[in-house]
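Coordinate inspection notes
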Amino acid sequence: MHADADIAQRLWRAVMLRRLPLWVLGALPWLSLRLLPGLLAWVAWCMWDGARLRQRVNRGWTGWLDAAVPELEDSSALLVEAETPIARLQRSRLLARIDASLDKRTVRAIVRERVDMGLSWLAPWLAFAAVVWFLGQQSGASQAAAPHASARAAQAAVVPELTMTATPPAYTGVARSTGSPRNLELPEGSTVAWCLKNPEAGETILELSDGRTLNVGARCASLSVTESLFWRWRGARYTLKVTPDAAPQITVTQPTQMIQELKPGAQSAAMALSVRDDYAVRRATLHLTLARGSGENIKFTDREMPLPASADPRVRNWSRKWTLAELGMEPGDELYFFVRAVDNAARPHTVQSPTYTLRLPAPEQEEEEVTSAMPVLVKPQSLRSQRQIIIDTEQLIADMRSTRMSADEVRERSEAIAADQGQLRRRYGQFLGEESTLFGGEEEHDDHDDHGKSGGQMDVLHEFGHAHDEAENATLYDEGTKKILRRALVAMWDAEKSLRAINPKSALAPEHKALEAIKELQQADRIYLHKTAFVPPPIKEEIRMTGDVVGAASYRREQGEAQDAIPAPLRELVGALSQEGPLPALWTRTAHDWVRERLLDDEQRLAAQRAIQDVADGCLRCRPALRAWLRAGVAQAPVILQAKPVAQTPFTRAWGEGDKP
């Protein structure tokens, strides 16, 4: 039990109530005079008085109880210290007596006898407050007699207080902020407003980094921020850094490879992906394309499925384990899928992921024996199309960039595509009468190697010329069709060579050229080319052979004029900045336009605009920095070779001949 602390606390509360009227009466004069220093002084004295009384209570409360309560028998000290068992027994008896005799009235009587109200301290404070009030009246009278001009001067000396409010776009969900001038980082498209707390201070001017100014007075000034800039007010610069809205990010975690080949007995395929945006994903869809068939007979089926939203609008996580029946896949089919996402920006960003491929291989079949005697048994449907070869090549290049493929895997896939290209080339080569390759059969013409000598003389034509009937002449196509076929075969041959050399990137161009030739062959009956020739201007017969050259154009080719990479006003400004003289007229507009057009990085552009402001303020030491930023905007200055006429005189000819040995 802490009976001693409880009794002391009761006495202390009674002492505070005893002195409270003094403390309140002493504060009233200073509150009426509205003098904060006097009020603070009185509060400090009250705190000192309270601490002094607290010490009196802590030191003498036991004596107060012994003198006021006879039932305690001068044993109140046992309430503080009772070390022996007898003392503790006596202490319990005292506590019982205190509960019966020490009520609120007895406590107030004890405090009234020991502590006075302290009214003697109040008289000096009231006298001091009266003196202060009298002096204030005298100074107020003197100020009232001052002229009105001084009042207007005092009003003009009021310092304007500026507040700025930043309101981000509604789609970001970011709350509006209001405060004093400071550096801010805002989303793109935010609105910033500057207002004066005290419009009576007059109008103030804000200087923007791009050369514009805003007037802030009775009305607030606002600005829609689309790029990073800074503004200056009363000599201080504050930066408004704009954060552009980021496009959604799409991450596909399953399948792990761009081309995923399923096992022959597979019954399901898993897909897992994630779409993230800095504010919200408005729409995300999964696009599926099923390819069935081979060769030129391929059928495509497209599907589109929206991805459901999650609790967090910034993230959409989706995963599903498809059965092949749901996807509609059969052995030999390929499924292509990609994800397209759109965010909720004012100008929405649309992002599409790379295309992933799921392949379900067809069951292996026994290869039929193909001989030269049965060329009609070759099935064109088993050949891969030129478009599919291009898709496989592009996919191989993408996999080489995005994943770490081994050299053996790259070689295997490149040679497989080369083999498909070779088969397709031999197929189209049959239309030109070729047996297997573009430049003749693969077998040696052993039966033609020995043409012998006729009559003991060498038959040069048959020995070295290898004269046979041309295979192309055995076809029924016209010469134009044959040229297109030859162009397609040459392009296929170049693509096959690049693929077999494990260089798929250089094979794309000839592959596309071969596809264009094939399309031209397929649509040859729908092509109409209007051939036009050069039509010279008509000759005026009335001036022919007259020698009149008025209006005639010169046959000499005019030399091209040099393109001016640096405008003349900017060149003049750069030259003037290297000196301490005056700058050209409207030079700030020239500098701002050049910086805004050529310096795309935010930090560099803001630094250049700071240099423009400093030079405009008259800083001579800032001119080299501004000149450097203006020259940094020249990305590439072309070297122009311009011929200049040189007069040849006998002196120059003699001088040149004298230099020769």
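An account of the accompanying structure is given in this report.

Thresholds applied
Residues numbered from 1 in each chain as written. Predicted model: local features only at pLDDT ≥ 70, side-chain atom pairs only at ≥ 80, totals over all residues. Heavy atoms only, no water. Core = buried A, V, L, I, M, F, W, Y, C linked by side-chain atoms within 4.5 Å. Buried < 20%, exposed > 50% of the residue type's maximum accessible area, 1.4 Å probe, protein only. Helix = DSSP H or I, 4+ residues; strand = E, 2+ residues; numbered from the N terminus. Contact = heavy atoms within 4.5 Å. Pairing = 2+ DSSP bridges. Axes fitted to C-alpha atoms, helices over the stretch in contact; angles between N-to-C directions. Salt bridge = Lys/Arg side-chain N within 4 Å of Asp/Glu carboxyl O.

Take the nonpolar core next. In this structure, Met 271, Leu 273, Leu 286, Leu 307, Trp 318 and Leu 335 are the most contacted members of the largest nonpolar core, which totals 27 residues. For this core, the secondary structure elements donating two or more residues are β12 (268–276), β13 (281–294), β15 (315–323), α7 (324–327), β16 (334–343) and β18 (356–359). Looking at this core element by element, the count peaks at 5 residues for β13. Beyond its immediate sequence surroundings of up to four residues, Met 271 is in contact with Gln 254, Leu 286, Leu 288, Trp 318, Ser 319, Arg 320, Trp 322, Leu 335, Phe 337 and Leu 358. Judged by nonpolar contacts, the second largest core, of 21 residues, contains Leu 184, Trp 194, Leu 229 and Tyr 238.

This next bit is on the pairing of β16. Counting buried positions along β16 gives 9 out of 10 residues, so the element sits mostly inside the fold. The pairing of β16 with β18 spans 4 bridges and is classified as antiparallel. Counted as the bridge partner of Leu 335 is Leu 358 from β18. With 3 bridges joining them, β16 and strand β17 (residues 350–352) adopt antiparallel strand pairing. Within the sheet, the bridge partner assigned to Val 342 lies in β17 and is Thr 350. From the end of β16 to the start of β17, which pair antiparallel, there are 6 residues.

Attention now moves to the sheet that holds β15. Taking strand neighbours across the sheet as the criterion, the 3 strands line up as β10-β12-β15 in an open arrangement whose pairing is antiparallel. A strand with exactly one partner marks an edge of an open sheet, and here the two such strands are β10 (249–254) and β15. The sheet shows a mean angle of 15° between the axes of neighbouring strands, taken without regard to direction. Direction of pairing for β12 relative to β15: antiparallel, over a ladder of 9 bridges. Considered in β15, the bridge of Ser 274 is made with Asn 317.

In this section: the pattern of salt bridges. Applying the stated rule across the entire model yields 22 salt bridges. Here Glu 603 ties to Lys 241 by a salt bridge, and the two come within 3.5 Å at their closest N and O atoms. Remark: Lys 241 occurs in strand β9 (residues 236–243) and Glu 603 occurs in helix α15 (residues 602–616); sequence separation between them is 362 residues. Of the charged contacts in the structure, one is a salt bridge between Glu 415 and Arg 411, with a shortest N-O distance of 3.9 Å. Placement of the pair is Glu 415 and Arg 411 together in helix α9 (residues 407–429), with a separation of 4 residues, close to one helical turn. By relative accessible area, which is 43% here, Arg 411 ends up partly exposed. A network of salt bridges, in which partner residues are shared, links Glu 207, Arg 232 and Asp 617.

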